[in-house]
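Working through the structure, step by step
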Amino acid sequence: MGNEQLSMGDILIETHAGLERQGPGSSEMTIKALSFIEDIDKISRAVDLGCGSGGQTMVLAQNITGNIVGVDMIPELINIFNDKAQKLNLAERVNGIVGSMGNLSFQKEEFDLIWSEGAIDSIGFEKGLTHWNGFLKKNGYVAVTCPSWFAYEHPTEIEKFWIDAGSELDTIGNNISIMQKAGYVPVASFTLPEKCWTDNYFSPRTAAEKSFLEKYAGNKTVEEYIESSKYEVELYSKYKQYYGYVFYIGKKIEPISLKGG
């Protein structure tokens, strides 16, 4: 097994597919974000973009009565997503499809709510919010988590890590400004507590990686991946006061004529 050809994408899927969440978060934080949305009983159609295997989507579905579609590029995760919906008797109104959150094919103004935990960062905060705005109904809500700087000054080591990972972290204040420019009224923002990283993501991920390393003992690509993963955990432990995931909730602005009478 040691010399089997595995891409980083293969490794990422195999080590993350069995996890409840594919990134930092918790059911409590999903429900907290939902609490800032008015008239949740009137949400008839919602979408969870970059839904992964649907840990947070199922929490959403248990707290709103509308239909939810989950979108993710990885078919293996969508299969797990739909199995979960089936097991929880939610399949009548919760459905996962394979697709790109950066190129949505839905109808304009189709959704009352657009949700995305731990995924918008892969296409960019501004790009995501701007693209998604057109698919929201008037006065619809968007709720996303995105890694953000807690401080204006941050150590070079952690800044380099995020740049190398292809992420352009911004401060919470700047992200709120971006949300406003993209056509939303900022409703709330709050930081995810440390256990959303340590207990809910890093611990189960490390356990999955341990068994994965045993399965592919001697595979250099796997060993490199595990090393970089360990490094990420070490960096978080060292620098967590400087950065973390933040929930941003916004409401689509009702466009009105701004011309003077």
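To be clear, the structure that these remarks concern was listed above.
Residues numbered from 1 in each chain as written. Predicted model: local features only at pLDDT ≥ 70, side-chain atom pairs only at ≥ 80, totals over all residues. Heavy atoms only, no water.

Describing the overall build of the chain
Quick note on the threshold: Runs of H or I in DSSP of at least four residues are treated as helices and runs of E of at least two as strands, each being numbered from the N terminus. We compute the radius of gyration from the C-alpha atoms alone; for a globule the expected value is 2.2 Å times N to the 0.38, where N is the number of residues. For each residue, the accessible area found with a 1.4 Å probe, counting protein chains only, is set against the maximum for its type, and the residue is called buried under 20%, exposed over 50%, and partly exposed in between. The contact rule is simple, with two residues in contact once any of their heavy atoms fall within 4.5 Å. Where accessible areas are quoted, they stem from the Shrake-Rupley method and a 1.4 Å probe; at the residue level, only the protein chains shown are allowed to cover. Positive residues here are Lys and Arg, negative ones are Asp and Glu, while His and the chain termini are left out of the count. Here the site of a charge means atom NZ of a Lys, CZ of an Arg, CG of an Asp or CD of a Glu.
Scanning the chain from terminus to terminus reveals nine helices and seven strands. A compact globule built from 261 residues should have a C-alpha radius of gyration of about 18 Å, and the chain, at 19 Å, falls within 12% of that. Principal-axis analysis of the C-alpha atoms gives the chain an extent of 70 × 45 × 30 Å. For the chain, with 261 residues in total, the buried portion stands at 47%. In the chain, of all internal contacts separated by at least 6 residues, the share reaching a separation of at least 24 is 78%. For the chain, the exposed area adds up to about 12900 Å²; of that, 51% sits on carbon and sulfur atoms. Taking the 24 positively charged and 35 negatively charged side chains of the chain as two groups, their mean positions are separated by 5 Å.

A closer look at the packing of helix H8 (residues 195–215) against helix H9 (residues 220–239)
Quick reminder of the rule: The convention used is that axes are lines fitted to C-alpha atoms, helices contributing only their stretch in contact, and that angles between N-to-C directions extend from 0 to 180 degrees. With respect to orientation, any angle under 35 degrees is reported as roughly parallel, any angle over 145 as roughly antiparallel, any angle of 65 to 115 as roughly perpendicular, and every other angle as oblique. Two helices crossing with the near one rotated counterclockwise from the far one by less than a right angle form a left-handed crossing, whereas a clockwise rotation gives a right-handed crossing. Amino acids are sorted into nonpolar (Ala, Val, Leu, Ile, Met, Phe, Trp, Tyr, Cys and Pro), charged (Asp, Glu, Lys and Arg) and polar (every other residue, Gly among them).
Two numbers describe how H8 lies on H9: the axes approach to 11 Å, and their chain directions differ by 160°. In terms of axis orientation, H8 runs roughly antiparallel to H9. Handedness of the crossing formed by H8 with H9: left-handed. Of the residues in H9, those in contact with Trp197, Thr198, Phe202, Arg205, Glu209, Phe212 and Leu213 of H8 are Val222, Glu223, Tyr225, Ile226, Ser229, Glu232, Val233 and Tyr236. Partitioning the contact of H8 with H9 into residue classes produces nine nonpolar, two polar and four charged.

Some words on the sheet that holds strand S7 (residues 243–252)
Rules: By definition, two strands form a pair when at least two bridges between them are found by DSSP.
With mixed pairing, the seven strands of this open sheet are ordered in space as S3-S2-S1-S4-S5-S7-S6. In this open sheet, the two edge strands, each paired with only one partner strand, are strand S3 (94–98) and strand S6 (184–191). Across the sheet, the mean angle from the axis of one strand to that of its neighbour is 20°, orientation sign disregarded. Running at roughly 155° to S6, helix H7 (residues 172–181) makes contact with strand S5 (136–149), S6 and S7 of the sheet.

Focus: the nonpolar core
As a reminder of what qualifies: Take the buried Ala, Val, Leu, Ile, Met, Phe, Trp, Tyr and Cys residues and link them wherever side-chain atoms come within 4.5 Å; each set so joined is a nonpolar core.
The biggest cluster of nonpolar side chains holds 41 residues, and the ones touching the most others in it are Trp115, Tyr243 and Ile249. Not counting residues within four places of it along the chain, the set of residues in contact with Tyr243 comprises Ser148, Trp149, Phe150, Ile158, Trp162, Leu169, Trp197, Leu235 and Tyr236. With 25 residues, the next largest nonpolar core counts Phe111, Leu129, Ile178 and Ala182 among its residues.

Observations concerning the pairing of S5
What counts is decided by this rule: A clockwise path from the first strand over the helix to the second, with the strands pointing away from the viewer, defines a right-handed crossover.
S5 sits mainly inside the fold: eleven of its 14 residues count as buried. Examined bridge by bridge, strand S4 (residues 111–116) and S5 share five bridges and lie parallel to one another. Bridge pairing links Ser116 to Val144 in S5. Between S4 and its parallel partner S5, the chain crosses via helix H5 (residues 125–133), and the hand of that crossover is right-handed. Strand direction decides the pairing type here: S5 and S7, joined by nine bridges, are antiparallel. Bridging from a neighbouring strand, Tyr141 pairs with Lys251 of S7.

Here we look at the packing of aromatic side chains
Here is the rule we go by: Pairs were defined over the aromatic rings of Phe, Tyr and Trp, the Trp ring being its six-membered one, requiring ring centres within 6.5 Å. Orientation was assigned from the angle between planes: stacked under 30 degrees, edge-to-face over 60, tilted for the rest. Any Lys NZ or Arg CZ that is within 6 Å of a ring centre and within 35 degrees of that ring's normal is treated as a charge sitting over the ring.
Counted according to the given criterion, the structure contains 18 aromatic pairs. Measuring from ring centre to ring centre gives 5.3 Å for Trp197 and Tyr245, while their planes differ by 55°; the resulting arrangement is tilted. A residue pair is termed long-range when its members are at least 10 positions apart, and Trp197 in helix H8 and Tyr245 in strand S7 qualify at 48 residues. Overall, the relative accessible area of 2% leaves Trp197 in the buried class. Overall, Tyr245 belongs to the buried group, its relative accessible area being 9%. Among the aromatic residues, those joined into a ring-pair cluster are Trp149, Phe161, Trp162, Trp197, Tyr201, Phe202, Tyr231, Tyr236, Tyr243 and Tyr245. It is Lys32 that lies over the ring of Phe190; its NZ or CZ is 4.4 Å from the centre.

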